[in-house]
Amino acid sequence: MDKPFAITLDIGSSRANKTGSWRTERAVYTNRMPPCNDACPAGENIQAWLYEGEEGGAGYERAWRKIMEDNPFPAIMGRVCYHPCETACNRAQLDEAVGINSVERFVGDEAIRQGWTVSVEVPSTGKNILVIGAGPSGLSAAYHLARRGHTVTIREAGPMAGGMMRFGIPRYRLSRDVLDAEVQRILDLGVTLELDAKVTDLMAVKDEYDAVFLAVGAQLGKRAYIPAGSAAHVLDAVDMLRDLETGEKPLLGRKVAVYGGGNTAMDAARTAKRLGASEAIVVYRRTKDRMPAHESELAEAEDEGVLFKWLTTIKQVDAGKLVVERMELDESGFPQPTGDVDELDADSLVLALGQDTDLSLLDGVPGLTVEDGVVAVGPDMMTGCPGIFAGGDMVPYERSVTVAIGHGKRAARNIDGWLSGAVPEPAVRPALATFDTLNTWYYADAPRSHRAVLDRARRESTFDEVVLGHDESTALMEARRCMSCGNCFGCDNCYGVCPDNAVIKLGKPGEEYLIDLDYCKGCGLCVAECPSGAIQMFPEEI
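Attention in this report is confined to the structure presented alongside it. Just so you know, the residues in each chain are numbered from 1, in the order the chain's sequence is written. In keeping with the predicted nature of the model, local features appear solely for residues at pLDDT of at least 70, side-chain atom pairs appear and are counted solely at 80 or more, and the whole-chain, interface and lining totals rest on all residues. Excluding hydrogens and water, the side-chain values take into account all heavy atoms of the structure.

## A few points about the overall build of the protein chain
This is how it is decided: Put simply, DSSP H or I for four residues or longer makes a helix, DSSP E for two residues or longer makes a strand, and each gets a number counted from the N terminus. Any two residues whose heavy atoms approach within 4.5 Å at even a single point are treated as in contact. Here, Shrake-Rupley sampling with a 1.4 Å probe gives the accessible areas, and only protein chains in the shown set may cover a residue. As used throughout, the charge tally considers Lys and Arg to be positive and Asp and Glu to be negative, leaving His and the chain termini uncounted. Lys charges are placed at NZ, Arg charges at CZ, Asp charges at CG and Glu charges at CD.
If you tally the helices and strands in the protein chain, you get 18 helices and 21 strands. Partitioning the intrachain contacts of the protein chain with sequence separation of at least 6 by distance along the chain shows that 71% fall at a separation of at least 24. Counting only carbon and sulfur atoms, one obtains 50% of the accessible surface of the protein chain, whose full area is about 24800 Å². A gap of 1 Å separates the mean positions of the 56 positive and 81 negative side-chain charges of the protein chain.

Okay, here's the thing in structure tokens:
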């Protein structure tokens, strides 16, 4: 006998009623853009490697290999990146952002400890590419080009590879053992590194290669005219940090003044303390809230006893003292002199007013445009001269290690496409997974674990790393705080709450569930109850 339309076959089953015919909307599994991925200048798939790392054990290596698809420096980035991913993290609106940077450091350090390596899995293309500069951008480009089968030569003007990672970031922020290990891993791919090999005339060497990537760092300190007596001791912060790395200890005296407000100024002042200065004072012409130095750098400097003199400019330098003038901000926030002068005791003055790039090697290059000390490039990172690409500090973008690494990857992809004649397909950017798309009720309270720091006494007398790494259990817990914004992580919520048994578990990697449209009536309950916002409703096409 036929059953009435609204009567089920038996208790607990509604399979007789194909309620899909009621539907005006359908639920679709989608992938939104996680905000951490969206904010990463290096283009890492952060959510994907955190997902692997959450497993622990063998998951750490899978997480590391996922990072290495985009960024060859996870241990370095876990120390020096200013983690814009964490600023964007949705979890910050729930309790605190996921400590992405600390987990990346743990995974990177684990790779060095375990000796994990990468290899070239494609045949040689027979193409030779010159990379000028062995800083983060040049090394990143060389890494990605080598893995695409190209023969890469890096010419570096200095005596060691690393660029500003080595000569601009002090050892207390970046261990040289870590830097050397991650650089060597790139060279082990067959990349040739030529040190003390400054290129002074690009056109003279261009024709020896199929393409050139320019990655010359900003290693020239900016100058400012400050009247100085014959006995005044004035030096540049960039030169001071570089000399220290090459073994030359600068003579600074007991009281050191640093003029500037960026990260380099913080490094110079903190380095001066470690070199024996009893007092290091940063002189800055604006207020603390307008300082370009990152918050963490400023906080660590203050914790180490660095002093600050705000709204102050330097008028003159003499032996043992500075003449300084009080400033005030106008309506636009620009500092204006007040005429109120004072004296400040200082045995030396370190200038940290920004950096420029030496672009003299570009003289005579046709089609190449230089404006305001940087090289103009297109979206493909190619300059106006065909076959010459540029990235890092010498192009008009934010200057940071992470940005430079991202430039190297993007340039490598476009160089590869230019050499093969294939245009890289533009990346499709899905909609952003915003906080309001999540159902955070399902996430347990999990306070963030902050990294320990070295005792202040040891920080003032050694160049040991200040910020320490997590142990395995802490790193694992931190990885598991990720909410997988916008992407399914197989929690089974949709499967459990569907009133029509329309969700089918497939259990395949990357394909966890299927919606049986014969039974889905478009109620949207799965969408409402999805923790990560990985299901969306779309109008049904009739």
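So much for the structure itself; the text now carries on.
## Let's talk about unusual backbone geometry
For Met381, which is not a glycine, the phi torsion comes out positive at approximately 70 degrees. Among the structural elements, Met381 can be located in the loop between β17 (374-375) and β18 (388-390).

## Some points on the packing of helix α6 (residues 100-114) against helix α16 (residues 472-479)
The cut-off we apply is this: Angular values range over 0 to 180 degrees, each being the angle between N-to-C directions of two axes fitted as lines to C-alpha atoms, with helices fitted over their stretch in contact. Angle categories: roughly parallel below 35 degrees, roughly antiparallel above 145, roughly perpendicular from 65 to 115, and oblique for all the rest. By definition, turning the near helix anticlockwise from the far helix through less than a right angle yields a left-handed crossing, and turning it clockwise yields a right-handed one.
One way to put it is that α6 packs onto α16 with a least axis distance of 9 Å and a crossing angle of 135 degrees. Here α6 lies oblique to α16, going by the angle between them. Regarding α6 and α16, the two cross each other, and that crossing is left-handed. Touching Ser102, Val103 and Phe106 of α6 are Glu472, Ala475, Glu478 and Ala479, all from α16.

## Section: the packing of aromatic side chains
The way to describe two aromatic rings as a pair is by their centre distance and the angle between their planes. This is how the line gets drawn: The pairing test for Phe, Tyr and Trp rings, Trp by its six-membered ring, is centres within 6.5 Å, and the orientation test on the planes gives stacked under 30 degrees, edge-to-face over 60, and tilted for anything in between. Under the scheme applied here, a residue whose accessible area is under 20% of the maximum for its type counts as buried, over 50% as exposed, and between as partly exposed, the area being computed with a 1.4 Å probe on protein chains only. In this scheme, Lys NZ or Arg CZ marks a charge over a ring once it lies within 6 Å of the ring centre and within 35 degrees of the ring normal.
This structure, assessed with the given rule, holds seven aromatic pairs. Each ring, one from Tyr29 and one from Tyr513, has its centre 5.9 Å from the other, and the planes form 20 degrees; the classification is stacked. With a gap of 484 residues between them, Tyr29 in strand β1 (residues 25-29) and Tyr513 in strand β20 (residues 511-515) connect regions that are remote in the sequence. The class for Tyr513 is buried, based on a relative accessible area of 8%. Pairing Phe389 with Trp418 gives two aromatic rings, centres 6.2 Å apart and planes at 75 degrees, and the pair type is edge-to-face. Taken together, the residues span a long stretch of sequence, with Phe389 in strand β18 and Trp418 in helix α14 (residues 401-420) at a distance of 29 residues. The side chain of Lys505 reaches across the aromatic face of Tyr495, ending 5.5 Å from its centre.

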